[in-house]
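# Descriptive structure summary
Okay, here's what each chain looks like letter by letter:
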Amino acid sequence: MTEHNVCDLPGIVARWGKDPANMVQILRDVQESCGTIPSDTLDQLARLLGVPRVRIEATASFYHFFHAESHGAYEILFSDNIIDHMAGKEALKQYFCERLWLEPRKLSEDGLVYVDDTADIGLADQAPAMLVNGYAVPALDHARLDLIAELIRAKKPLGEWPPMLFEIPDNVRLAGPLMGEPFAPGAALQATLARGAEATLAEIDAANLRGRGGAGFKTATKWASCRKAEGEALLKKHAGPPQVFLGPLGGEPSEARFSGGDHYVVCNADEGEPGTFKDRVLLSSHADLVFEGMTVCARVIGAKQGLIYLRGEYKNLLEKLKSVLARRREANLLGRNILGEQGFDFDIEIHLGAGAYICGEESALIESLEGKPGKPRNRPPFPDRCGYRNQPTVVNNVETFACAAKIAERGGAWFASIGTAQSTGSKLISISGDCQRPGIYEVPFGVTVQQLLIDCGAEDAHAVQVSGPSGTCISYREFDRRIAFEDLPTAGAFMVFSPERDMFEVARNFSHFFAHESCGFCTPCRVGTSLLRNTMDKLAAGKGSAYDMHEMKNIMRILQDMSHCGLGHTAANPVVQTMEKFPDAYEKRLKKLDFEPAFDLDGALTTARLITGRDDEWAHLDND
Amino acid sequence: MKLKVATCSLAGCFGCHMSLLDIDEKLFDLLKVVEFDRSPITDIKHCGPCDIGIVEGGVCNAENVHVLKEFRKNCKVLVAMGACAITGGIPALRNNVDLWDCFQEVYHYGIGLENGQIPNDPELPLPFDKVHPINEVVRIDYFLPGCPPSADAIWKFLTDLAAGHEPKLDYEMLHYD
């Protein structure tokens with residue numbers, strides 16, 4: 001339990017270098033120490049940072065984890081993915097609220113506790129799960145909720161809660177080259193330095209490594225382009241004497257900073273796609289591999305500064321990651337003259353997200369790193385030429401960096417020998433849902449869905465959602481398809497559904513997710529995702545008609561054609577695909593073939609009848 | 001034979017109807033092919049069987065629903081004209097305000113009110129707690145966007161329909177800034 005309302009604003013601002021670009025981090029710290037981000041704080045911040053208040057407000061109001069009103073000493077957020085629902089989340093949440101005499105989304109009378117939902121928190125293998133003041137608690141059941149309720153009633157500070165509540169096993173069920181083989185920190189860097197930057201890039205190229213975030217862009221192409229791109233420092237060098245350029249945290253004494261950092265390495269650890277949790281495990285147990293991959297990248301592109309954007313839901317990993325970074329600095333794997341190589345300076349700092357799925361999109365992530373609302377940029381230019389602080393930036397997924405480290409250590413040919421020709425290497429699959437052994441499966445690309453289902457103990461599966469809501473829903477008729485960029489590309493999520501599951505409800509859950517996570521920048525997505533959600537709710541209420549099905553298809557077309565970024569382009573996928581593959585799930589919900597009003601006509605007059613005291617014939621409507 | 005057209009304004013400002021009148025002298029050409037049934041232009045109170053029904057404004061009360069259902073029942077083609085009919089528009093701004101607060105402000109606490117009472121005459125349309133776009137109440141065949149749609153857009157839309165083909169508006173007619 002944090003002591004609220006004692007907030008050392010000047011201290012926090014100073015800690016982040018008085019740099020408005022660190023706004024998200026500053027606001028996180030403010031909220032951590034005050035419990036809220038009060039309105040007058042925004043004015044003070046505006047003065048301290050020398051930026052208009054609206055700029056701060058824009059950021060403060062954008063992120064789900066920031067709020068102006070108090071959420072009490074204990075903020076409880078239940079993970080709201082369909083997998084959590086299947087594991088009984090709704091009933092457990094209700095049970096918990098009843099135990100504490102609470103209503104969801106309403107601060108308790110004594111100002112102690114607040115309960116709400118949040119998007120998937122990366123624990124689908126241990127669902128249902130929750131965040132308590134930002135810290136993840138997995139595998140909820142009645143016993144654990146009883147305990148938590150007791151602790152809250154006793155007002156025990158979070159630090160004194162039993163550590164077993166926060167224990168999160170990795171659940172690695174099948175390990176391969178990334179997770180199964182020991183890795184000596186520094187091995188990949190030594191190989192890189194021995195080989196040289198150019199030759200290392202050639203190895204990454206020969207390995208045919210493709211981005212693990214789902215899109216599968218060729219990593220070597222991205223790195224090569226960034227390497228070639230001219231940054232500000234270089235331009236200044238052409239222009240005249242070099243100017244001192246402070247890194248993002250310019251001036252902070254505790255961590256090493258270097259001037260002249262004009263290229264950046266950014267690790268995308270905003271693993272927000274519901275059902276994905278492989279980066280959680282990589283960062284929890286293989287962080288060296290990831291940081292080493294980033295350092296190899298820094299060597300290749302000539303970066304001095306690296307950033308890892310860790311999703312806010314993974315706050316429990318922060319201390320661990322910081323200690324790994326400290327250890328690597330001590331071992332001279334980070335810092336100045338890395339491994340004795342003159343002029344090879346590089347360091348990594350961690351930025352925490354604040355609960356915005358859209359920040360997984362690389363340009364939105366960069367905006368967020370720069371302290372702004374996470375809204376995707378217009379592209380081109382792509383980050384490899386104009387990224388963080390408008391400088392050449394490589395943004396890669398956590399797993400991509402881990403692979404890069406392995407390739408630097410063992411060579412491109414070795415990596416290319418695993419998987420298929422177009423999809424080389426291994427892939428971490430996060431399996432959850434109706435199976436006996438949920439967890440991480442590291443498999444070579446090209447594996448069939450059927451094989452994965454056998455591995456995890458889900459032979460009777462009816463459907464699988466590959467790569468999360470924005471991915472592909474496949475039915476039991478297509479289980480011979482393969483996990484590979486050429487067939488089923490995936491960021492790693494693999495949610496299994498048994499024949500008893502209602503695929504309509506799955507799609508409806510996802511439609512709520514997208515409506516909540518749309519950043520609101522473009523109208524097709526902001527309005528389209530809401531309309532889709534409303535229509536799905538209408539069908540769920542048994543008031544659907546053929547007209548609604550037709551309308552949803554129209555909305556999908558608009559979302560796909562007109563949206564600004566990938567969120568909107570894919571937001572309709574779950575509905576489109578389940579409609580196509582499980583039409584029965586929809587048809588049984590259609591009340592009429594022609595048309596059915598979107599709301600209860602007579603019910604919508606209830607309030608006015610109460611206010612006016614009328615009950616005449618004209619104060620009622622037929623619902624037909 | 002002339003096409004029969006009915007028009008009405010629900011929770012709207014009559015701006016779309018003004019735009020309809022902005023067709024100006026071409027109204028005479030229009031009248032060569034269409035005949036107006038229920039419409040503010042004719043002051044006919046109820047519509048009979050029509051080819052085209054044009055609805056301005058969203059649905060904010062019970063009476064709007066009766067009118068809208070009458071139009072749906074009688075019109076072969078029903079058109080939502082303008083932003084309010086399509087999305088709820090300006091009247092839907094009240095959706096963020098509690099209905100009870102609205103009534104209090106209007107009848108109890110408004111400036112210059114003394115002993116204000118909330119009217120309960122059955123002749124007054126009873127308001128919904130929220131304003132809705134008309135496609136949430138009846139099936140709509142065409143949406144003619146704009147606030148208001150330009151006279152040219154309305155002209156093009158009606159003449160296309162009268163000529164018996166799918167209305168098609170050029171980009172310029174749908175481009176607003």
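These numbers were taken from a predicted model, which means no experiment stands behind them.

To continue, consider the overall build of chain A. When helices and strands are counted, chain A shows 25 helices and 16 strands. Taken over C-alpha atoms, the radius of gyration comes to 25 Å for chain A, in line with the 25 Å a tight globule of 624 residues would show. Expressed as lengths along the three principal axes of its C-alpha atoms, the size of chain A is roughly 90 × 60 × 50 Å. In chain A, which comprises 624 residues, the share counted as buried stands at 52%. Within chain A, counting contacts between residues at least 6 apart in sequence, those at least 24 apart form 72% of the total.

Before going further, it helps to examine the domain arrangement of chain A. All names here are of chain A. Assigned domains of chain A: these are domain 1 (9-62), domain 2 (74-159), domain 3 (174-416), domain 4 (426-497) and domain 5 (503-592). Computed over C-alpha atoms only, the centres of domain 4 and domain 5 are separated by 23 Å. Looking at the side of domain 4 that touches domain 5, the elements with two or more residues in it are β12 (463-466) and β13 (472-475). Sorting elements by how many residues they give to the side of domain 4 that touches domain 5 places β13 first, with three residues. For the side of domain 4 that touches domain 5, a count of residues per class yields four nonpolar, four polar and no charged.

Residues and elements named next belong to chain B. Burial of strand β5 (residues 75-81) is extensive: five of the seven residues sit out of reach of the surface. In the sheet, strand β3 (residues 50-56) pairs with β5 via six bridges, with the strands oriented parallel. Bridged to I54 within β5 is V79. Bridge count between β5 and strand β7 (residues 142-144): three bridges; the pairing is parallel.

A few words on helix α3 (residues 39-49) of chain A. All names here are of chain A. Listed in full, the buried residues belonging to α3 are L42, L45 and L49. Down the axis of α3, the smallest arc covering the buried residues is 65°, so these residues share one side. Opposite the buried face of α3, by more than 90 degrees, sit the exposed residues D40, D43 and R47. Against α1 (9-15) and α4 (53-62) lie the buried residues of α3. Looking one or two places after α3, you find G50, whose phi comes out positive at around 70°.

For the bond running from A127(A) to P128(A), omega is -10°, close enough to zero to count as cis. When you line up the elements, P128(A) lands in the loop between β2 (113-118) and β3 (130-132). Going from C147(B) to P148(B), the amide bond is cis rather than trans, its omega being -10°. Along the chain, the position of P148(B) falls in the loop between β7 and α6 (151-162). Even without a glycine there, the phi angle at W101(A) is positive, about 55°. The exposed category is assigned to W101(A), around which 10 C-beta atoms lie within 10 Å. A positive phi angle is found at K155(A), which is not glycine, with a value near 55°. Within the element layout of this structure, K155(A) appears in the loop between α7 (142-153) and β5 (172-174).

Take the sheet that holds β2(A) next. Residues and elements named next belong to chain A. In spatial order, the strands read β2-β1-β3-β4; together these four strands make up an open sheet with mixed pairing. Two strands bound the open sheet, and with one partner strand each, they are β2 and β4 (135-137). The average angle at which neighbouring strand axes cross in this sheet is 25°, direction not considered. Here strand β1 (residues 74-79) pairs with β3 via three bridges, running antiparallel. Its bridge partner being in β3, F78 is matched across the sheet by M130.

Rules of the game
Residues numbered from 1 in each chain as written. Chains lettered and ligands numbered in written order. Predicted model: local features only at pLDDT ≥ 70, side-chain atom pairs only at ≥ 80, totals over all residues. Helix = DSSP H or I, 4+ residues; strand = E, 2+ residues; numbered from the N terminus. Rg over C-alpha atoms; globule rule 2.2 N^0.38 Å. Buried ≥ 20, exposed ≤ 12 C-beta atoms within 10 Å, placed from the backbone. Contact = placed C-beta atoms within 7 Å. Domains from an automatic or database assignment. Nonpolar A, V, L, I, M, F, W, Y, C, P; charged D, E, K, R; others polar. Pairing = 2+ DSSP bridges. Arc of directions from axis to C-beta. Axes fitted to C-alpha atoms, helices over the stretch in contact; angles between N-to-C directions.

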